[in-house]
Amino acid sequence: MNRLVATRILRNYEHKVDIHNPDINIYIEVRNEGAFVYLDIIKDRLYTSGKKSLSRRATQTVLYETMLAILKMMAPVMPHQAEDIWSYVPEMQKNGKESILLSDWCVTNDKWVNPEIETKWSQILKVRELVTRTIEPLRAEKKVGSSLEVAVYLEAKDEKLLAYLKESESVLADTFITSQAFVEQISYQTQVNRMYQP
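Sequence order as written defines the numbering, with residues in each chain counted from 1. In keeping with the model being predicted, local features are shown solely for residues with a pLDDT of at least 70 and side-chain atom pairs are shown and tallied solely at 80 or more, while totals for entire chains, interfaces and linings include all residues. Only hydrogens and water are set aside; all other atoms, that is, all heavy atoms of the structure, feed into the side-chain values.

So, about the packing of helix α6 (residues 115-140) against helix α7 (residues 159-167). At a minimum axis distance of 10 Å, the contact between α6 and α7 shows a crossing angle of 90°. Relative to α7, the element α6 is oriented roughly perpendicular. Facing Glu116, Thr119, Lys120, Gln123, Ile124 and Val127 of α6, the residues of α7 in contact are Leu161, Tyr164, Leu165 and Glu167. In the scheme used here, Gly and all other residues not listed as nonpolar or charged are polar, with Ala, Val, Leu, Ile, Met, Phe, Trp, Tyr, Cys and Pro taken as nonpolar and Asp, Glu, Lys and Arg as charged. Among the residues making up the contact of α6 with α7, the classes are represented as five nonpolar, two polar and three charged. Geometry is summarised by axes, namely lines fitted to C-alpha atoms with helices restricted to the contacting stretch, and by angles between N-to-C directions that run from 0 to 180 degrees. Here a strand is any run of E in DSSP of at least two residues, a helix any run of H or I of at least four, and the numbering for each starts at the N terminus. Note on terminology: angles under 35 degrees are roughly parallel, angles over 145 are roughly antiparallel, angles of 65 to 115 are roughly perpendicular, and the others are oblique. Between two residues, a contact is recorded if the distance between any of their heavy atoms is within 4.5 Å.

Take the buried Ala, Val, Leu, Ile, Met, Phe, Trp, Tyr and Cys residues and link them wherever side-chain atoms come within 4.5 Å; each set so joined is a nonpolar core. With a 1.4 Å probe rolled over the protein chains alone, any residue whose accessible area is under 20% of its type maximum counts as buried; one over 50% counts as exposed, and the rest are partly exposed. Judged by nonpolar contacts, the single largest core of 22 residues is most densely connected at Val127, Val131, Leu154, Leu165, Leu172 and Phe176. Ranked by residues supplied to this core, first place goes to α6 with eight residues. Those residues in contact with Leu172 that sit more than four places away from it in its chain are Ile124, Leu154, Leu165, Ala181 and Val183. Ranked by size, the runner-up nonpolar core spans nine residues in total, among them Leu71, Met74, Trp86 and Ile100.

Interhelical geometry of helix α4 (residues 54-74) versus helix α5 (residues 79-86) gives an angle of 150° and a closest axis separation of 8 Å. It follows from the interaxial angle that α4 and α5 lie roughly antiparallel. Here the hand of the crossing between α4 and α5 comes out left-handed. Together, Met67, Leu68, Leu71 and Met74 of α4 and Pro79, Gln81, Ala82, Ile85 and Trp86 of α5 make up the contact between the two elements. Take the far helix as your reference; a near helix turned counterclockwise from it by less than a right angle gives a left-handed crossing, and one turned clockwise gives a right-handed crossing.

Pairing between side chains becomes possible if they bear opposite charge and their charged atoms approach one another. Criterion for a salt bridge: a side-chain nitrogen of Lys or Arg within 4 Å of a carboxyl oxygen of Asp or Glu. Taken as a whole and judged by the stated rule, the model has seven salt bridges. Residues Lys120 and Glu167 are paired through a salt bridge, measuring 3.4 Å at the closest nitrogen-oxygen approach. Residue Lys120 is found in helix α6, and its partner Glu167 is found in helix α7; the two are separated by 47 residues along the sequence. Judged by relative accessible area, which is 15%, Lys120 ranks as buried. Several salt bridges converge on common partners, so that one network encompasses Asp40, Lys43 and Arg128.

Turning our attention to the confidence of the model for the protein chain. What pLDDT conveys is the predictor's confidence in a given residue, as a value from 0 to 100. For the protein chain, the average pLDDT comes to 79, and 76% of its residues sit at 70 or higher. Note that residues 194-198 has pLDDT below 50 and, in this model, eight contacts with residues that lie over four places away or in other chains.

This next bit is on unusual backbone geometry. Phi angles above zero are rare outside glycine, and Lys142 is one such case at about 60°. Positionally, Lys142 belongs in the loop between α6 and β1 (150-155). Among the residues examined, Lys142 registers a relative accessible area of 72% and is labelled exposed. Of note in this structure, Ile177 is not a glycine but carries a positive phi near 60°.

Our focus in this paragraph is the environment of Ile135. The topology assignment puts Ile135 in helix α6. Assessed through its relative accessible area of 3%, Ile135 is described here as buried. When the C-alpha positions of Ile135 and Thr178 are compared, they lie 9.8 Å apart, and in sequence the two are 43 residues distant.

Multiplying one less than the number of residues by 1.5 Å gives the expected span of a helix. Compared with the 30 Å implied by 1.5 Å per residue over 21 residues, the 30 Å span of α4 between its first and last C-alpha is a close match. Here α4 has its buried residues at Arg56, Thr59, Val62, Tyr64, Thr66, Leu68, Ala69, Leu71, Lys72, Met73 and Met74.

Here we take up the packing of aromatic side chains. Centres within 6.5 Å are what make two rings of Phe, Tyr or Trp a pair, Trp counting through its six-membered ring; a difference in plane orientation under 30 degrees is then read as stacked, over 60 as edge-to-face, and the rest as tilted. For the coordinates displayed, the defined rule picks out one aromatic pair. Ring centres 5.1 Å apart and planes at 25° place the aromatic pair Tyr153 and Phe182 in the stacked group. Note that Tyr153 is positioned in strand β1 and Phe182 in strand β2 (residues 180-184), a separation of 29 residues in sequence. Note on Phe182: relative accessible area 29%, which makes it partly exposed.

What follows is the structure, given as structure tokens:
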């Protein structure tokens, strides 16, 4: 998921800002690139994982790079706000720049671009939407208090989708924000069961 966000949000930003309406454009770009879903998924990781955890540090890297890209886009039209945020960036992360206004414009970083990962995680996020829609009625009926009380059993008829899910099975529960997630092969269908404590 970190790689997907890096691929979507941090690529080609030098071509994506409409100077006539930049603040709205920046908001729309970040929103449309899945940032809200990403933040929902990573919040527990940031709170509970150890400071040296690889997943936590990878997430922090994506958040930092995203912040830096947004600040560079803000600087020409919202310099005071950009400078205020820049003042909270640790000195070691500023690359010797006293001001965000002295930074170069955003450029494409090829290491973030990975079409295979984007295709894979785009499909997984569609499954996440299905899982979320399936859980919501259970929450409304008070059969479950939260999605963390749920175990998800996924069945995929499509072989490519099944392969994507199998490859990522170890992180699906975190992605769906559920207690567990299992992948099987029969039909494209999602089942949701309550996890009862003994």
